[in-house]
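Read off the chains here:
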Amino acid sequence: MKLPSTRINDIDELIAVYFSGSLSSSQLTQLHDWINASHDNKIYFLKIREVWFSSICASDTERFNKEKAYRDFINKNIKKRNRFTRNIWPTLLRVSAVAAIILIVSFFAYHQGSNTIKKQFTNIVMEAPLGSTTKIYLPDSTLVWLNAGSKITYSQGFGVVDRQVQLSGEGYFEVTKNENLPMKVITKELVVEVVGTTFNFKNYQNDEETTVVLEEGKIISHNQLKPGDNLTLCQNQKVTLNKRTKTMKLSNVVSKNGLGWINGSLFFDGLPLHDIIRTLERNYNVKISVTDESLNTYRFYGHFSRTENTIRDVLDKLAGTNKLKYTINGSEVVLFPVQNTLN
């Protein structure tokens, strides 16, 4: 059923403001709720979108004026509906008649109009500061956890026009299923395409490796460094992309081991020291340097708690492997190869 508190003419105006790129966050939520309330509402929205896009002819796209378009749309298409009842079917019949006329509008004009509207959408950026995690719900109810120093960016049209998210850092996703509108999580090196599933995606800019761990469902990973190199992941599988060699590797894992960071855990499962350093810097807000680059060839295993273990506790465990030693001065940490350390 439609939301009882929302009248058809109110929705028409809300849709017009949406296409003009001027919706507030609360209005966008209201529109998403109304669209998702029934199949009829979705059909109605798509019909109105066709009318809106096709009204922008190809010759006018470069000088598109969203304020004027909004006024014209209100005057020509909304005020007429004041005499309509709340029953959507009579309205749909009228819109369908308009849609039939739209068939003569050129393919180019339609898509030019669509692209023009998309450019009006505002990008929304959500971040997790250093030393903490952030929990977010996207407009389609997808749950996202962001690890320290991470951010996601998505369009104001998310969930209606597309479901694309740009990720920088690490995020855990519980994606709401929508077979008609697959979700894409995009990074520079790797793109993940999903319908409805649960996975962890890690790709910090300075890390040597990008990893995706699938907890539930199925996903497709697209290697952006080597076009055409794609891998399909099933439950409890992990794809690792080496940024230097541009190659992907598939392996079986216990997915939950890598998700402890949501609760403040740090899990190093053969992680390169270079990436461990970046993880510690983000979680403890320190600066770590090495005196010998050969240290970065080592991989380490360990399980720590950010709330229970200090940075010194973690460094002591790393030093206990007899591969390195360290000095610490406030927030500055220096790592040394064992053979180059006097103490």
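For the structure itself, look to the data block above.
Residues numbered from 1 in each chain as written. Predicted model: local features only at pLDDT ≥ 70, side-chain atom pairs only at ≥ 80, totals over all residues. Heavy atoms only, no water.

A. Quick look at the packing of aromatic side chains. For the structure on display, the rule yields four aromatic pairs. Ring centres of Tyr-154 and Phe-158 lie 5.6 Å apart, and the angle between their planes is 65°; this geometry places the pair in the edge-to-face category. Note on Phe-158: relative accessible area 0%, which makes it buried. Relative to Phe-199, the ring of Phe-173 lies with its centre 5.1 Å away and its plane at 10°, an arrangement referred to as stacked. Taken together, the residues span a long stretch of sequence, with Phe-173 in strand β5 (residues 164-174) and Phe-199 in strand β8 (residues 198-203) at a distance of 26 residues. Above the plane of the ring of Tyr-204 lies Arg-282, whose end atom (NZ or CZ) is 3.1 Å from the centre. Lying over the aromatic face of Phe-300, Lys-323 brings its terminal NZ or CZ to 5.6 Å of the ring centre. (Phe/Tyr/Trp six-rings, centres within 6.5 Å; stacked < 30°, edge-to-face > 60°. Buried < 20%, exposed > 50% of the residue type's maximum accessible area, 1.4 Å probe, protein only. Helix = DSSP H or I, 4+ residues; strand = E, 2+ residues; numbered from the N terminus. Lys NZ or Arg CZ within 6 Å of the ring centre and 35° of its normal.)

B. Region of interest: the layout of surface pockets. Space inside the largest pocket adds up to approximately 700 Å³. Thr-211, Lys-238, Phe-267, Asp-269 and Leu-271 are the residues nearest the centre of the largest pocket, which is lined by 38 residues in total. Secondary structure elements with two or more residues in the lining of the largest pocket: β8, β9 (209-216), β12 (237-242), β13 (247-252), β14 (265-272), α7 (273-284) and β16 (299-305). Looking at the lining of the largest pocket, the element that brings in the most residues is β14, giving eight residues. Across the lining of the largest pocket, the residue classes tally to 13 nonpolar, 16 polar and nine charged. (1 Å grid on protein atoms, 1.4 Å probe; cavity = no way out; pocket = protein on both sides within 12 Å on 5 of 7 lines; lining within 4 Å. Points joined across faces, edges and corners; volume = space filled by probe spheres on them. Nonpolar A, V, L, I, M, F, W, Y, C, P; charged D, E, K, R; others polar.)

C. Fine view of the packing of α7 against helix α8 (residues 311-319). Contact geometry of α7 with α8 gives a least axis separation of 11 Å together with a crossing angle of 165°. Our classification of the angle between α7 and α8 gives roughly antiparallel. Every pair of crossing elements has a handedness; the one defined by α7 and α8 is right-handed. Along the contact surface, α7 presents Ile-276, Leu-280 and Tyr-284, while α8 presents Ile-311, Val-314 and Leu-318. (Axes fitted to C-alpha atoms, helices over the stretch in contact; angles between N-to-C directions. Parallel < 35°, antiparallel > 145°, perpendicular 65-115°, else oblique. Left-handed = near helix turned anticlockwise from the far one by under 90°. Contact = heavy atoms within 4.5 Å.)

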